[in-house]
Amino acid sequence: MKRCKFAVYIIIFFQLTGVATAKETLFINDLKWPPFFFPNLERGNIGFGKEIMNYCLNQSQFSFKYKTLPIKRTHVYMQSGELDISVYSYKKERESFVFYGKEPIFISNYGFASKTGDNIEIKNLEDIKKYQFGHLDGLAHTKALMEIIKEKEKLNQVSKGYDIDSMFGQLLATPQRFQIMANSIETLLWRAKQLNIHKDIKVHDFILKQKPYFITISKTSKNIKNPKEFLTKIDSCIKKLKSSQDYLLLTKKYGLTPIKQ
């Protein structure tokens, strides 16, 4: 009997001290996606999206680690469950391998950039058809733009890259590899400024699409046993943060427009 009581005391002690309740570690994709995610500190910044993610995940029962991956490998790892969490825009086909949160973590304006000296004007999607196109491999485009890219690939008018810095390098190279590239307007503006090439890059006012981004959970996650309940809590945290002064300061810090509640 004394031995049983002793065992009970040991269990209670471990529970109170946290020794027996070590946190599960979640794995999250990371990539160079300014100003939303920085794999390495950039002038003390980790990225707007990552700051929100960290804030809410620190309130969960999990610990977490970031893995820096190319976009295409992120998709593969989310399908296999090697990643637990990723931030995605909504695409119906992704519902086959992820659960989506309902509260957008941020909204990105999707548009185009060209070399300032090329004097290119983009007023609508049709305007890009006459130019060589730079495609960041793995980046999700709109259906209409993807159709144009596929036609251009047949004509050998598409140049691929795997990193936004290399894409800028191809755009400004002599000779140029392409004349038009697509990405988040916020990303294009931020990175061009950080690379001190903002005078050489024209980010066009034309917005092809506004894309909200959500926290998603891999359907094959081995660490999150109840993903829908987890997402409900994260959504609630994001929504609460958006109504705070801290959120306004965060958007100002990264030069973004707050999402209105």
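Residues numbered from 1 in each chain as written. Predicted model: local features only at pLDDT ≥ 70, side-chain atom pairs only at ≥ 80, totals over all residues. Heavy atoms only, no water.

Novice: How do you make sense of the pattern of salt bridges when you look at a structure like this?
Specialist: Side chains that carry opposite charge are capable of pairing whenever their charged atoms lie near each other. Taken as a whole, this structure holds 14 salt bridges when the rule is applied. The closest approach of N and O atoms between Arg191 and Asp165, which form a salt bridge, is 2.8 Å. Placement of the pair is Arg191 in helix 6 (residues 185-194) and Asp165 in helix 5 (residues 164-172), with a sequence separation of 26 residues. Put simply, Lys32, Asp163, Asp165 and Arg191 are held in one network by salt bridges that share partners. (Salt bridge = Lys/Arg side-chain N within 4 Å of Asp/Glu carboxyl O. Helix = DSSP H or I, 4+ residues; strand = E, 2+ residues; numbered from the N terminus.)

Novice: Would you take a moment to explain the environment of Asp163 for this structure?
Specialist: By secondary structure assignment, the location of Asp163 is in the loop between strand 7 (158-161) and helix 5. Asp163 sits in the partly exposed class, given a relative accessible area of 25%. Through-space distance from the C-alpha of Asp163 to that of Ile71 is 9.4 Å; in sequence the pair is 92 residues apart. Within the local environment of Asp163, its side chain forms a polar contact with the side chain of Lys32, the two groups lying 3.5 Å apart. (Buried < 20%, exposed > 50% of the residue type's maximum accessible area, 1.4 Å probe, protein only. Polar contact = N/O pair within 3.5 Å; in protein donor to acceptor, adjacent residues only side chain to side chain.)

Novice: Just to check I follow, could you spell out the side chain of Arg94 for this structure?
Specialist: You can see Arg94 is positioned in the loop between strand 3 (85-89) and strand 4 (98-100). Buried and without a salt bridge, Arg94 has Glu93 as its closest oppositely charged side chain, separated by 6.4 Å. With near-sequence residues (within four places) excluded, Arg94 lies in contact with His75, Tyr88, Ser89, Tyr100 and Ala140. (Lys, Arg positive; Asp, Glu negative; His and termini not counted. Contact = heavy atoms within 4.5 Å.)

Novice: I tried to follow the packing of aromatic side chains on my own but got confused; where do I start?
Specialist: Note on aromatic pairs: each is described by the distance of the centres and the angle between the planes. Overall, the coordinates contain 16 aromatic pairs when judged by the stated rule. A ring pair is formed by Phe36 and Phe106, whose centres lie 4.0 Å apart and whose planes are at 10°; its orientation type is stacked. In this pair, Phe36 sits in the loop between strand 1 (25-30) and helix 2 (48-57) while Phe106 sits in strand 5 (residues 106-115), placing the two residues 70 residues apart along the sequence. Taking the centre distance of 5.6 Å and the plane angle of 70° together, the rings of Phe62 and Phe230 count as edge-to-face. Taken together, the positions of Phe62 in the loop between helix 2 and strand 2 (63-68) and Phe230 in helix 7 (residues 227-242) put the pair 168 residues apart, joining distant regions of the chain. The same class applies to Phe62 and to Phe230, which are both buried. Each member of the aromatic cluster is reached from another via a ring pair, and the members are Trp33, Phe36, Phe37, Phe106 and Tyr213. Above the face of the Tyr66 ring, Lys50 is positioned so that its terminal group lies 4.7 Å from the ring centre. In this structure, Lys211 packs its charged tip against the face of Tyr110, placed 4.8 Å from the ring centre. (Phe/Tyr/Trp six-rings, centres within 6.5 Å; stacked < 30°, edge-to-face > 60°. Lys NZ or Arg CZ within 6 Å of the ring centre and 35° of its normal.)

Novice: Any chance you could explain the layout of surface pockets here in plain terms?
Specialist: Left-over empty space is what a probe sized like a water molecule reveals as it rolls over the atoms. Computed from the structure, the largest pocket encloses a volume of approximately 560 Å³. Along its surface, the largest pocket is lined by 33 residues, and Leu31, Trp33, Ile71, Leu136 and Leu139 are the ones closest to its centre. Taken together, the elements giving at least two residues each to the lining of the largest pocket come down to helix 3 (71-80), strand 3, strand 5, strand 8 (180-184) and strand 9 (201-218). For the lining of the largest pocket, the residue count by class is 16 nonpolar, 11 polar and 6 charged. In this structure, the second largest pocket encloses a volume near 460 Å³. Mapped onto the lining of the second largest pocket, the elements with two or more residues apiece are helix 3, helix 4 (143-154) and strand 9. It is strand 9 that contributes the most residues to the lining of the second largest pocket, 4 residues altogether. Taken together, the residues of the lining of the second largest pocket sort by class into 6 nonpolar, 7 polar and 8 charged. (1 Å grid on protein atoms, 1.4 Å probe; cavity = no way out; pocket = protein on both sides within 12 Å on 5 of 7 lines; lining within 4 Å. Points joined across faces, edges and corners; volume = space filled by probe spheres on them. Nonpolar A, V, L, I, M, F, W, Y, C, P; charged D, E, K, R; others polar.)

Novice: I keep staring at the pairing of strand 9 and nothing clicks. Help me out?
Specialist: Regular strands have side chains that alternate between both faces of the sheet. Of the strand pairs in this sheet, strand 3 and strand 9 are connected by 5 bridges, and their pairing is antiparallel. Bridge pairing links Val87 to Ile215 in strand 9. Two strands pair when backbone bridges link them, and strand 4 and strand 9 are joined in this way by 3 bridges, in the antiparallel orientation. For Val98, the partnering residue across the bridge sits in strand 9 and is Ser218. Here 9 bridges tie strand 5 to strand 9, and the two strands are oriented antiparallel to one another. Residue pairing in the sheet places Ser114 in a bridge with Lys202 of strand 9. (Pairing = 2+ DSSP bridges.)

Novice: When you look at unusual backbone geometry in this model, what are you seeing that I'm missing?
Specialist: Note: most residues except glycine have negative phi, and most peptide bonds are trans. Residue Pro34 is joined to Pro35 through a cis peptide bond whose omega torsion reads -5°. Considering the arrangement of structural elements, one finds Pro35 in the loop between strand 1 and helix 2. A cis amide bond links Thr174 to the next residue, Pro175, at an omega of 0°. Inspection of the secondary structure puts Pro175 in the loop between helix 5 and strand 8. Of note in the backbone geometry, Asn119 takes a positive phi value of approximately 55° without being a glycine. Relative to the helices and strands, Asn119 resides in the loop between strand 5 and strand 6 (133-136). Owing to a relative accessible area of 65%, Asn119 belongs among the exposed residues under this scheme.

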